[in-house]
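Listed below are the residues making up each chain.
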Amino acid sequence: DAAELNGYAHFMEKEIFEQPAALENSMRGRFSEDGSTAKFGGLNLGPVDFRQIDRFAFLGCGTAWHSCLVAEHLIERFARVPVEVDYASEFRYRNAPLSGNPLFFVMSQSGETIDTLGALREAQRKGYKVLAINNTVGSTIAREADGGIYQHVGPEIGVASTKAFTSQLLIGAMLALHVARMRDMSFADGVEYVNALKSAPNLVRKALEQAGHIKAIAQRLAKYNDMLFLGRLSLFPIALEGALKLKEISYIHAEGYPAAEMKHGPIALINELCPSVFFAPKGEIFNKVVSSMQEVKARKGPVIAIITEGCELPEGLADEVITIPDCHEAVLPIVATIPVQLLSYYIAVARDCDVDKPRNLAKSVTVE
Ligand code: G6P
């Protein structure tokens, strides 16, 4: 085991730092020659079939469900096709009415999660084609699906998913591009999007350079027992993921919310003992997120702000600031994930938790 850790203290840490290479592997050979779109060898669908799809359904569990939510955002935003996301465990039993021509995707790192497999079988039973986004070649889900996309990030050992998650975000972004370029997206916008995706590994490398700074913040936060994660649009699922990571490995109670929803309930939790981690990227909602931060600050809640380069926060508003590189919308969720992975990792280490094997959790859940 020690040898495979290559000098890292835990597999989770190693896998966090492996992400630039993992993203390269997920993208390799998957762009068109003209550099304006993404292509996948295993979808078993022609362009005509793809054009006829009137809705996508994405199913997964845990962290994979969060990647489904980001895929939903990007496909709706860029390809303008409606997307439905469901927990695989719920889809199996809720007998959802479906439109005329949906295409299903199941998202699963291991390809062995029983709830996801059950959902795949239920959709196929109803006559739908189900594709898999999966990291494990030859897994049960890969074998039973009608086609799919392998993540190619290599084995993930840490129970808390890191590199598999960002690779799923990348594949979701590539899929959004693939569908968008068959519909309304122009050649020039396609080229810009592809170049943005190609820059993802370097942007992640830059975000990882903040590790020392984030470790110091983590040491100050390790004493708390409750935390909120707040984000909007494509970063709402990243807020959910930040909260999940923290719960999983440090046993701190954490919740993810859309920042604007905070005032409809979670605000009752805010006091000096409940810090909030905000995602405040540059763009149209930056000022709205800043007002949510002010609401927290007014109630003495510690504020941790994750901002993109070039953003300016009002003086004294945030107790801690983490800056990530500014980037294209398709890549932002990937880059924004890095600081919350590092934060939860260093908090768990500071609390002396068994990071790679958290209590009560399994890497893949093969019972219902
Ligand atoms: C388990 C793991 C989670 C994971 C989920 C889905 O609950 O502890 O980290 O996100 O299963 O796993 P999958 O292999 O289907 O992506």
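Structure first, text after, so check above.
Just so we're clear, the structure is a prediction, and the values are computed from it rather than from any experiment.

## Overview of the overall build of the protein chain
Here's step 1: Looking only at helices and strands, one finds 13 helices and 10 strands in the protein chain.
Here's step 2: Computed over the C-alpha atoms, the radius of gyration of the protein chain is 20 Å, within 12% of the 21 Å expected from 2.2 N^0.38 for a compact globule of 368 residues.
Here's step 3: For the protein chain, the C-alpha atoms occupy an extent of roughly 55 × 45 × 40 Å along the three principal directions.
Here's step 4: Of all 368 residues assigned to the protein chain, the portion counted as buried reaches 52%.
Here's step 5: Pairs at least 24 apart in sequence give 74% of the contacts found in the protein chain among residues at least 6 apart.

## Points about the site of the ligand
Here's step 1: Taken together, 15 residues form the shell around the ligand, and within it Gly62, Thr63, Ser108, Ser110 and Thr113 come nearest.
Here's step 2: Take the shell around the ligand: its biggest share by element is three residues, from helix 4 (residues 62-79).
Here's step 3: For the shell around the ligand, a count of residues per class yields six nonpolar, nine polar and no charged.

## Points about the packing of helix 8 (residues 163-181) against helix 13 (residues 332-350)
Each pair of packed helices gets described by two things: the angle between the helix axes and the distance between those axes.
Here's step 1: Contact pair helix 8 / helix 13: the axes reach a minimum separation of 9 Å and the direction vectors enclose 165 degrees. In this view, helix 8 runs roughly antiparallel relative to helix 13, as classed from their interaxial angle. For the pair helix 8 and helix 13, the sense of crossing is right-handed. Residues Phe165, Thr166, Leu169 and Leu170 of helix 8 touch helix 13, and the partners they reach there are Pro333, Ile334 and Thr337.
Here's step 2: Looking at the contact of helix 8 with helix 13 residue by residue, the class counts come to five nonpolar, two polar and no charged.

## Considerations on the packing of helix 9 (residues 187-208) against helix 13
Here's step 1: Between helix 9 and helix 13, the shortest axis-to-axis distance is 9 Å and the interhelical angle comes to 25 degrees. Comparing their axes, helix 13 and helix 9 come out roughly parallel. By crossing handedness, the relation of helix 9 to helix 13 is classed as right-handed. In contact with Ala200, Leu203, Val204, Ala207 and Leu208 of helix 9, helix 13 contributes Ile334, Val335, Ile338 and Pro339.
Here's step 2: Partitioning the contact of helix 9 with helix 13 into residue classes produces nine nonpolar, no polar and no charged.

## Some details on the sheet that holds strand 9 (residues 303-308)
Here's step 1: Strands sit in the order 7-6-8-9-10 across an open sheet of five strands; the sheet is parallel. Whereas interior strands pair on both sides, the edge strands pair on one side only; in this sheet they are strand 7 (253-258) and strand 10 (320-324). Shown here is a sheet whose adjacent strand axes are inclined to one another by a mean of 15 degrees, direction ignored.
Here's step 2: Packing against the sheet, helix 11 (residues 236-250) makes contact with strand 6 (226-231), strand 7 and strand 8 (276-280), and its axis sits at approximately 175 degrees to strand 7.

## As for the pairing of strand 9
Here's step 1: Along strand 9, five of the six residues are buried, which leaves the element largely enclosed by surrounding structure.
Here's step 2: In terms of strand pairing, strand 8 meets strand 9 through five bridges, oriented parallel. If you follow phenylalanine 278 over to strand 9, its bridge partner there is alanine 305.
Here's step 3: Regarding the hand of the β-α-β motif, the stretch spanning strand 8, helix 12 (residues 286-298) and strand 9 is right-handed.
Here's step 4: As paired strands, strand 9 and strand 10 are joined by five bridges and run parallel to one another. Bridged to isoleucine 306 within strand 10 is isoleucine 322.

## Thoughts on the sheet that holds strand 5 (residues 148-150)
Here's step 1: A sheet is described by the order of its strands in space; here five strands give the open sequence 2-1-3-4-5, paired in parallel fashion. Each having just a single partner strand, strand 2 (83-87) and strand 5 make up the two edges of the open sheet. Taking the axes of each pair of neighbouring strands and ignoring which way they run, one obtains an average angle of 20 degrees across the sheet.
Here's step 2: Pairing geometry for strand 3 (residues 102-108) and strand 4 (residues 130-134), over five bridges, is parallel. Bridge pairing in strand 4 places phenylalanine 105 opposite leucine 131.
Here's step 3: Here helix 4 sits on the sheet and contacts strand 1 (55-60), strand 2 and strand 3; the angle it forms with strand 1, its principal contact strand, is near 165 degrees.

## Considering unusual backbone geometry
Here's step 1: Positive phi, close to 55 degrees, is recorded for asparagine 44, a residue that is not glycine.
Here's step 2: Structurally, asparagine 44 is set in the loop between helix 2 (19-27) and helix 3 (47-52).
Here's step 3: Judged by the 13 C-beta atoms lying within 10 Å of it, asparagine 44 falls in the partly exposed class.
Here's step 4: A positive phi angle, near 65 degrees, is found at tyrosine 251, a position not held by glycine.
Here's step 5: Of the residues examined, tyrosine 251 has 15 C-beta atoms within 10 Å and is grouped as partly exposed.

## Some details on the nonpolar core
Here's step 1: Formed by 123 residues in total, the largest nonpolar core has its most connected members in Val106, Ala176, Phe278 and Val335.
Here's step 2: Considering each element in turn, this core owes the most residues, 13 residues, to helix 13.
Here's step 3: The contacts of phenylalanine 278, once residues within four sequence positions are left out, are Leu230, Ala259, Val289, Ser292, Met293, Val303, Ile304, Ala305 and Ile306.

## Things to note about helix 13
Here's step 1: Across its 19 residues, helix 13 extends 28 Å between first and last C-alpha, which sits within 8% of the 27 Å expected from 1.5 Å per residue.
Here's step 2: The buried fraction of helix 13 is high, at 18 of 19 residues.

Here is what the cut-offs are and how they apply
- Residues numbered from 1 in each chain as written.
- Predicted model: local features only at pLDDT ≥ 70, side-chain atom pairs only at ≥ 80, totals over all residues.
- Helix = DSSP H or I, 4+ residues; strand = E, 2+ residues; numbered from the N terminus.
- Rg over C-alpha atoms; globule rule 2.2 N^0.38 Å.
- Buried ≥ 20, exposed ≤ 12 C-beta atoms within 10 Å, placed from the backbone.
- Contact = placed C-beta atoms within 7 Å.
- Near = placed C-beta within 6 Å.
- Nonpolar A, V, L, I, M, F, W, Y, C, P; charged D, E, K, R; others polar.
- Axes fitted to C-alpha atoms, helices over the stretch in contact; angles between N-to-C directions.
- Parallel < 35°, antiparallel > 145°, perpendicular 65-115°, else oblique.
- Left-handed = near helix turned anticlockwise from the far one by under 90°.
- Pairing = 2+ DSSP bridges.
- Right-handed = clockwise from strand over helix to strand, strands pointing away.
- Core = buried A, V, L, I, M, F, W, Y, C linked by C-beta atoms within 7 Å.
- Expected span 1.5 Å × (residues − 1).

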